[in-house]
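Here's the letter readout for the chains.
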Amino acid sequence: MNILFVGDVFGSAGRHIVREHLPHVVETNEVDLLVINGENAAGGFGITPSLAEELFDLGAHVITTGNHVWDKKEIFEYMGVPADSHGRGRRILRPANYAVNTPGFGFYQGELPTGQAYAVINMQGRVFMSSCDDPFRKADELLSKITAKVVLVDIHAEASSEKAALAWYLDGRVTAVLGTHTHVPTADQRILHNGTAYQTDVGMSGPYDSVIGVETELVLAKFLTGMPGKFEAAKGNAKMCAALIECDGGTGRATRIQRIMLGE
Ligand SMILES: [Fe+2]
Ligand SMILES: [Fe+2]
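Here's a quick rundown of the structure.

Parameters at a glance
All residue numbers refer to positions counted from 1 along the written sequence of the respective chain. All chains are assigned letters beginning with A, and all ligands numbers beginning with 1, in the order in which they are written. Only residues with pLDDT of at least 70 are given local features in this predicted model, and only at 80 or more are side-chain atom pairs given and counted; all residues enter the totals for whole chains, interfaces and linings. Think of the side-chain values as coming from all heavy atoms in the structure, minus any hydrogens and water. Helix numbering and strand numbering both begin at the N terminus, where a helix is a DSSP run of H or I of at least 4 residues and a strand a DSSP run of E of at least 2. Computation of the radius of gyration draws on C-alpha atoms, with the globule rule given as 2.2 Å multiplied by the number of residues to the power 0.38. Exposure is judged per residue with a 1.4 Å probe applied to protein chains only, and the accessible area is read against the type maximum: over 50% gives exposed, under 20% gives buried, and values in between give partly exposed. Two residues form a contact once any of their heavy atoms are found within 4.5 Å. Surface exposure here means Shrake-Rupley accessible area, sampled with a 1.4 Å probe, where a residue is shielded only by the protein chains that are shown. Counted as donors are N, O and S atoms no farther than 2.8 Å from the metal, or 3.2 Å for Na, K and Ca; water is not among the atoms, and sites may therefore look incomplete. Under this scheme a four-donor centre is tetrahedral when all angles range from 85 to 135 degrees, a four-donor centre is square planar and a six-donor centre octahedral when opposite donors are above 155 degrees with the rest from 65 to 115, and any other centre is irregular. The pairing criterion for strands is at least two bridges between them, as found by DSSP. Each direction from the helix axis to a C-beta atom contributes to the arc, which is the arc of those directions.

**Here we look at the overall build of the protein**
Of the regular secondary structure elements, the protein holds six helices and twelve strands. For 264 residues, the compact-globule estimate of 2.2 N^0.38 gives 18 Å, and the protein sits close to it at 17 Å. Judged by the C-alpha coordinates and their principal axes, the protein covers about 55 × 40 × 35 Å. Among the 264 residues that make up the protein, the fraction classed as buried is 55%. A separation threshold of at least 6 residues defines the contact pool for the protein, and within that pool the share at least 24 residues apart is 65%. In the structure as shown, the protein presents an accessible area of about 11,100 Å², 54% of it carried by carbon and sulfur atoms.

Here it is, written out as structure tokens:
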């Protein structure tokens, strides 16, 4: 089976480029499972219910997020659905290792129309990020409950070392460990020894004439003066970044991972 994971969709430039390229990538690669990180869909900061709907309309089975998940308050209620629901509000995730009783869920298990079971886990790193629970032990806990063989993990983290460590920790237990959050794609996609596909960062789907998505001038002013200022999403040189994973639906073992970058 084929899984496509699309990196952080950033602002309107990201949404446009994904809308333009996703349909043909899904069709030509016969994608069965589509997962999109949408944490920056709303102008770079968070995601609204209507933008989540837009990503679901494009065919996403699951939307993952990260540290920006709560930037738009409207999403709290959208994600406040019962655990056993399979509706869209249940299929947008926040990191699993957030405080208990925060809205939403950090993993989803479901079935494709073919009957193929799958699970998606969203996790956040702790190095150079705001505090959250241990992603390693949290992954152990979730995997003890998940029965699907095909499991995709979005590790939303700053440090490459933490992402690589989690990938080796989960090697052979999940289908793929894919990094998000830095917005810079890394060229290290590979299959680890026990069959887990890994890429340190899939890269953002957004404007690359920018500083990780934000207007260059605004970020430069901040670095040069230290003064507060409003960050706005950039527009130019949009790319869609994604990872395409081929795996055995029966065992969940990955057999191939390909890096994708398409754009203007
Ligand atoms: Fe992001
Ligand atoms: Fe992030």
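Next comes the rest of the account.
**Regarding the coordination of the iron ion (ligand 2)**
Looking at the iron ion (ligand 2), one finds its protein donor set to be Glu39 (OE), Asn67 (OD1), His156 (NE2) and His181 (ND1), positioned 2.1 to 2.2 Å from the metal centre. For the iron ion (ligand 2), the four donor atoms in the first shell make angles of 84 to 149° at the metal, so the coordination geometry reads as irregular. The motif formed by the donor residues of the iron ion (ligand 2), counted along the single chain, is E-x27-N-x88-H-x24-H. In this model, the iron ion (ligand 2) sits 3.4 Å from the iron ion (ligand 1), the two metals being bridged by Glu39.

**Let's talk about the side chain of Thr64**
On the secondary structure map, Thr64 appears in strand E3 (residues 62-64). Sequence-distant contacts of Thr64, that is, excluding residues within four places in its chain, are made with Phe5, Val35, Ile36, Asn37, Gly38, Glu39, Leu93, Val120, Asn122 and Asp154.

**Thoughts on the pairing of strand E12 (residues 254-263)**
The sheet contact formed by strand E11 (residues 238-247) and E12 spans nine bridges and is antiparallel. By the bridge assignment for E12, Ala243 is matched with Arg259. Hairpin remark: E11 followed by E12, antiparallel, with six residues in the connecting loop; positive phi at Gly252, about 85°.

**Some details on the coordination of the iron ion (ligand 1)**
For the iron ion (ligand 1), the protein coordination sphere consists of Asp8 (OD), Glu39 (OE), Asn40 (OD1) and His183 (NE2), at 2.0 to 2.2 Å. Bound by four donor atoms, the iron ion (ligand 1) shows angles of 89 to 158° at the metal and therefore irregular coordination geometry. Spacing between the donor residues of the iron ion (ligand 1) along the chain follows D-x30-E-N-x142-H.

**Brief notes about the side chain of His68**
Following the sequence through the fold, His68 ends up in the loop between E3 and helix H3 (74-79). When its relative accessible area of 19% is taken as the criterion, His68 is described as buried.

**Remarks on helix H2 (residues 49-57)**
Inspection of H2 places Leu51, Ala52, Leu55 and Phe56 among the buried residues, and these make up the whole buried set. An end-on view of H2 places all buried positions within 145° of arc, on one side of the element. Facing away from the buried side of H2 by more than 90 degrees, the exposed set consists of Ser50 and Asp57. Buried residues in H2 make contact with helix H1 (11-28), strand E2 (33-37), E3 and H3.

Treat this as a map of the structure, not an account of what it does.
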